[in-house]
Amino acid sequence: MNCDVCKKKSASVFLTQIVDGKMQKVNLCEGCSKEKGVTDPTGFALADLLLGLGASQEMEKGSTTSRCPSCGFSQADFKKTGRFGCAACYDAFAEGLESMLKGMHKGLEHKGKVPPRLLKAKLRDEELKKLQRDLRKAVADEKYEVAAELRDRLKHLEAEGQTAI
Amino acid sequence: MPIHSILSTAGEWLRGDGPQSHIVISSRVRLARNLNGFPFPGHAKKNERVSVLECIKPAVESLPEMAEAHSVFSQDLSALEKQVLVERHLISRDHAAKGMGSAVVMNKRQTLSIMINEEDHLRMQAIRSGLQLKNAFKLIDKVDSELGDKLDFAFHNQYGYLTACPTNVGTGMRASAMMHLPALVLSEQVNQVIQAVNKVGLAVRGLYGEGTEAMGNLFQISNQTTLGEKEEDIIARLNKVIEQIILHENNARQSLQQKKPITLLDNVGRAFGILRYAHSMASKEALNLLSYLKLGVDLGFFPEDCQLPIDELFIETQPAHLQKSTSQKLQADERDALRASLIRARLEKMPAPTPKQNEGPAKAE
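Here is what the cut-offs are and how they apply
- Residues numbered from 1 in each chain as written.
- Chains lettered and ligands numbered in written order.
- Predicted model: local features only at pLDDT ≥ 70, side-chain atom pairs only at ≥ 80, totals over all residues.
- Helix = DSSP H or I, 4+ residues; strand = E, 2+ residues; numbered from the N terminus.
- Rg over C-alpha atoms; globule rule 2.2 N^0.38 Å.
- Contact = placed C-beta atoms within 7 Å.
- Expected span 1.5 Å × (residues − 1).
- Buried ≥ 20, exposed ≤ 12 C-beta atoms within 10 Å, placed from the backbone.
- Core = buried A, V, L, I, M, F, W, Y, C linked by C-beta atoms within 7 Å.

Chemist: I keep staring at the overall build of chain B and nothing clicks. Help me out?
Modeler: Each helix and strand in chain B was counted, giving 13 helices and 10 strands. Here the C-alpha atoms of chain B give a radius of gyration of 21 Å, agreeing with the 21 Å that 2.2 N^0.38 yields for 365 residues. For chain B, the C-alpha atoms occupy an extent of roughly 65 × 50 × 30 Å along the three principal directions. In chain B, of all internal contacts separated by at least 6 residues, the share reaching a separation of at least 24 is 71%.

Chemist: Just to check I follow, could you spell out helix α10 (residues 283–298) of chain B for this structure?
Modeler: Working note: α-helix, 3.6 residues per turn, so residues spaced by three or four point in the same direction. Residue and element names in this part refer to chain B. With 16 residues, α10 extends 22 Å from end C-alpha to end C-alpha; this agrees with the ideal 22 Å at 1.5 Å per step. Turning to α10, its buried residues number three or more, namely Glu285, Ala286, Leu289, Leu290, Ser291, Tyr292, Leu293, Lys294, Leu295, Gly296 and Val297. Contacts from the buried residues of α10 go to β8 (173–180), α6 (182–186), α9 (261–277), α11 (307–316) and α13 (332–347). Immediately beyond the C-terminal end of α10, within one or two residues, lies Gly300, with a positive phi of roughly 80°.

Chemist: Can you walk me through the nonpolar core in this structure?
Modeler: For soluble globular proteins, the rule of thumb is that nonpolar side chains tend to be buried together. Membership of the largest hydrophobic core comes to 117 residues, with the highest contact counts inside it found for Cys89 of chain A together with Ile114, Leu133, Ile140, Met179, Ile221 and Leu293 of chain B. Discounting residues that sit within four places of it in the chain, Ile114 of chain B has contacts with Val60, Val104, Val105, Leu122 and Met124 of chain B. Val5, Ala11, Val26 and Cys32 of chain A belong to the second largest nonpolar core, which has 7 residues in total.

Chemist: Sorry, what's going on with unusual backbone geometry here?
Modeler: Glycine aside, a negative phi is what most residues show, and trans is what most peptide bonds show. Of note, the phi angle at Glu142 of chain A is positive, near 60°, even though the residue is not glycine. Structurally, Glu142 of chain A is set in the loop between α6 (116–140) and α7 (144–164). Even without glycine at this site, Gln20 of chain B takes up a positive phi of about 60°. Summarising the element assignment, Gln20 of chain B is placed in the loop between α1 (3–8) and β1 (24–33). For Gln20 of chain B, a count of 18 C-beta atoms within 10 Å puts it in the partly exposed group.

Have a look at this one:
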């Protein structure tokens, strides 16, 4: 069995950890185990090691694009550093990302703060959609006076959005 | 504002006047943010880092909170100055390693520090004395909103704020409290506490964060996860756990006073004796002994006005703080000698520890 890190030498150190009921195994050769600090239990971050390895393995499985189109970051770079290259990497490497994040966090959806200026845009977007819905309904019900009023408000809101951007 | 005026005065949080400050030294909340359209600092070329810096630094300097601030490029700080800032938790060890293309902006009160081009484009933190996570968050949240009006932060509809390391994505928030837990260490309960804290998804670290040793019975408790939970909920969860730990530490102190009053006084007395008469003292030993003096003050073995000088020694005996007090370059053994003499001088007028007057053995409540 070859080492999971260098893939060259044969493995002599075998690690097993259970995370969220899922068993993860890492096999290392002597050189790599020393490099990762496995022989020194205090300095050894099993989670980091698994994170890097596990994450990129997950990503290799799903992803078809191997480089981020925006910054040129590759999966190999991620494997090496455990960091992304730019914000666009989150979409470029989207496929394996979820299973990796699942192991790290409480959920997969951000529930916290939204930047105030995006919040305004989001609220306007929701309002626009609601007006469009109401307009369609008014037309269908042949309430043309209501529809005209709704159309005017829609136009106004859209114009506002244009100037804001 | 010149850098030496920041370095020569201790930050507000060091005064130790916040709530629960006998056990919680300080509370910190940091947020990680990045700009759209630029690679993260670790993957950026030098000219890209400089562009990001030129974009962020003026925005940070124009914050009302930074009206009286010190703002400095990393290459203009000496290694010693950076180390002093690390010891005060104003910059991270990673940021201290940065040169051209990075900078730090700190307010005069040293309650706010904003690192530019650390692992993320922006790492901003608020630090308060005692248990004040909510206040620290309020302060940094306001700064974040103000900056968010001027800067185009990378934000994903599903994943929230995007960060270089996926372990920070979402809120980008790390909230932490520095706790002094000598009685839990003395009564050998601290490992149990650490395990319990880890189990609920929080992290326990040493004095200087990830991968550092717990010295001086000081432990940092922080949130581990950043995605899937609101900032306020993360802080509330952390606060609850910290209050539990405070309770355990207080119980451990009480039970030591009842069951092992001699051992307790002996520990404090020995620490006092060594600190008072030693002529060479390494920084780790100093921290561990000072921890017992601090406990001694909390338990009434020393007069109350001894607290401030002891708290100050915690930071003044750190290697870079010692080095900056003298003009000549010190070797490690010279530093240990200087540290010992500083401590001796500070403790000279302090009375030896005695059990609390008029109280006899402490009563159970």
